[in-house]
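Residues per chain are reported as follows:
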Amino acid sequence: MIQELGFFPLNGREEFDYLRQFLNKEEFVTPGPWYQQEEHLAEQCLTSEEYGEIRPILEEQARMYDVKRAACFYQLIRCSYGSGCTSYGCQPFDIRRTFGVLWEGSQRLAGTVVENKDFEALIRQYDREDAFFYCDPPYFKTEGHYEVVFRPEDHVRLRDVLAGIQGKWLLSYNDCAYIRELYEGYQIETVKRLNNLAQRYKQGEEYAEVFISNYDTAARARERPEQMELSDVYGFYP
């Protein structure tokens with residue numbers, strides 16, 4: 001993927017539109033059908049020697065199909081406004097600056113299992129006493145910004161599933177009265193982060209969020225041994 005991204009170093013509106021068209025056109029196309037058709041045509045129309053030369057090229061193109069789509073998608077995310085892949089961001093950016101991050105991500109995911117199931121099925125499948133779940137659902141009343149369907153009743157269903165598990169869980173949400181009422185009785189911590197979409201117009205603009213958990217998130221910090229200072233031993237400050 002990094003090698004493929006090296007062929008897209010330009011950050012321009014024309015390149016952005018081209019990548020969008022490519023992904024939209026190829027959205028429901030798989031490498032299997034066109035690879036088989038081209039291989040059949042090559043076998044029928046070329047000599048044995050010519051076919052032997054072109055077949056490895058066709059196989060390489062088929063193997064790299066998903067890599068090409070991933071590279072295009074990644075480029076769109078990085079160069080679009082708000083990472084939405086719909087409108088050009090109009091900001092200078094060199095995709096090659098992210099290659100180190102991609103290597104780190106590859107190493108981090110080497111021993112990881114990636115699932116794609118309904119959250120209730122996954123939580124129940126992996127729940128045990130020593131399990132830890134971090135959940136990041138679509139924020140309340142922003143569900144329409146996501147491609148996945150997340151209905152209002154799914155917020156309640158998530159709460160009910162988490163209420164009955166053995167493991168620990170940590171949940172992030174937007175700070176609003178409905179979510180605070182929904183998770184009343186659990187530990188709720190107020191946090192703020194920079195609102196990335198607003199930084200162009202309001203530098204330092206923050207977005208209010210909450211961390212909700214079924215355990216004391218500060219317990220481990222309190223259990224850590226404290227370093228003794230000279231002032232604690234001799235009763236003075238140097």
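These numbers come from a predicted model, not from an experiment.

Turning next to the overall build of the protein chain. When its secondary structure is counted, the protein chain shows 11 helices and 4 strands. Expressed as a percentage of the 238 residues in the protein chain, the buried residues total 28%. For the protein chain, the accessible surface area stands at approximately 17200 Å², while carbon and sulfur atoms represent 52% of it.

Turning our eyes to something else, we now look at the nonpolar core. A general tendency of soluble globular proteins is for nonpolar side chains to be buried together. Core analysis: the biggest nonpolar cluster contains 21 residues, and Ile 123, Leu 162, Leu 171, Tyr 173 and Tyr 183 have the highest contact counts within it. Elements with a minimum of two residues in this core: α7 (119-126), β1 (132-135), α8 (152-163), β2 (168-174), α9 (177-182) and β4 (206-213). Setting aside residues no more than four positions away along its own chain, Tyr 173 makes contact with Pro 137, Pro 138, Tyr 139, Phe 140, His 155, Leu 158, Ile 179, Tyr 183, Glu 209, Val 210 and Ile 212. By size, the runner-up hydrophobic cluster in this structure holds 8 residues, among which are Cys 72, Leu 76, Cys 85 and Tyr 88.

Here we come to the packing of α7 against α8. Axis separation between α7 and α8 bottoms out at 10 Å; the angle between their running directions is 5°. The angle between α7 and α8 falls in the class roughly parallel. Of the residues in α8, those touching α7 at Phe 119, Glu 120, Ile 123 and Arg 124 are Asp 154, Arg 157, Leu 158, Val 161 and Leu 162. Each residue belonging to the contact of α7 with α8 can be placed in one class, and the counts come to 5 nonpolar, no polar and 4 charged.

Another point: the environment of Tyr 178. Along the chain, Tyr 178 falls in helix α9. For Tyr 178, a relative accessible area of 30% gives the class partly exposed. In the structure, Tyr 178 is positioned 38 residues away from Phe 140 in sequence and 8.3 Å away in space, judged by C-alpha atoms.

Okay, the pattern of salt bridges next. The final tally for this structure, using the stated rule, is 9 salt bridges. With a shortest N-O distance of 3.1 Å, Arg 151 and Asp 154 are connected by a salt bridge. A relative accessible area of 40% places Arg 151 in the partly exposed class. With a relative accessible area of 3%, Asp 154 lands in the buried category.

Bringing the side chain of Glu 209 into the picture now. With respect to the element layout, Glu 209 can be found in strand β4. Polar contacts involving the side chain of Glu 209 include one to the side chain of Tyr 139, which spans 2.8 Å. When neighbours within four sequence positions are excluded, Glu 209 is seen to be in contact with Tyr 139, Tyr 173, Asn 174, Asp 175, Glu 189, Thr 190, Val 191 and Arg 193.

Counting all residues, the mean pLDDT for the protein chain is 81, and 81% of those residues have values of 70 or more. Looking over the protein chain, one finds the lowest element-wise mean pLDDT in helix α11 (residues 230-234), namely 57, and the highest in β1, namely 97.

Moving on, we get to the packing of helix α2 (residues 13-25) against helix α5 (residues 65-79). Taken N-terminus to C-terminus, the directions of α2 and α5 make an angle of 135°; their axes are 10 Å apart at the nearest point. Judged by the inter-axis angle, α2 sits oblique to α5. Considering the relative orientation of α2 and α5, their crossing is left-handed. Taking contact as the criterion, the partners of Phe 16, Leu 19, Arg 20, Phe 22 and Leu 23 in α2 are, on α5, Arg 69, Cys 72, Phe 73, Gln 75, Leu 76 and Cys 79. For the contact of α2 with α5, the residue count by class is 8 nonpolar, 1 polar and 2 charged.

Applying the stated criterion across every chain yields a total of 9 aromatic pairs. For the ring pair Phe 132 and Tyr 215, a centre distance of 6.2 Å and an interplane angle of 75° mean the geometry is edge-to-face. With Phe 132 in strand β1 and Tyr 215 in the loop between β4 and α10 (219-223), this residue pair connects regions lying 83 residues apart in the sequence. Aromatic side chains Tyr 139 and Tyr 173 sit 6.2 Å apart centroid to centroid with 35° between the ring planes, which places their arrangement in the tilted category. Residue Tyr 139 is located in the loop between β1 and α8, and its partner Tyr 173 is located in strand β2; the two are separated by 34 residues in the primary sequence. As far as burial versus exposure is concerned, Tyr 139 and Tyr 173 are alike and both buried.

The rules we used
- Residues numbered from 1 in each chain as written.
- Predicted model: local features only at pLDDT ≥ 70, side-chain atom pairs only at ≥ 80, totals over all residues.
- Heavy atoms only, no water.
- Helix = DSSP H or I, 4+ residues; strand = E, 2+ residues; numbered from the N terminus.
- Buried < 20%, exposed > 50% of the residue type's maximum accessible area, 1.4 Å probe, protein only.
- Areas by Shrake-Rupley, 256 points an atom, 1.4 Å probe, with all protein chains shown as cover.
- Core = buried A, V, L, I, M, F, W, Y, C linked by side-chain atoms within 4.5 Å.
- Contact = heavy atoms within 4.5 Å.
- Axes fitted to C-alpha atoms, helices over the stretch in contact; angles between N-to-C directions.
- Parallel < 35°, antiparallel > 145°, perpendicular 65-115°, else oblique.
- Nonpolar A, V, L, I, M, F, W, Y, C, P; charged D, E, K, R; others polar.
- Salt bridge = Lys/Arg side-chain N within 4 Å of Asp/Glu carboxyl O.
- Polar contact = N/O pair within 3.5 Å; in protein donor to acceptor, adjacent residues only side chain to side chain.
- pLDDT = per-residue confidence, 0-100.
- Left-handed = near helix turned anticlockwise from the far one by under 90°.
- Phe/Tyr/Trp six-rings, centres within 6.5 Å; stacked < 30°, edge-to-face > 60°.

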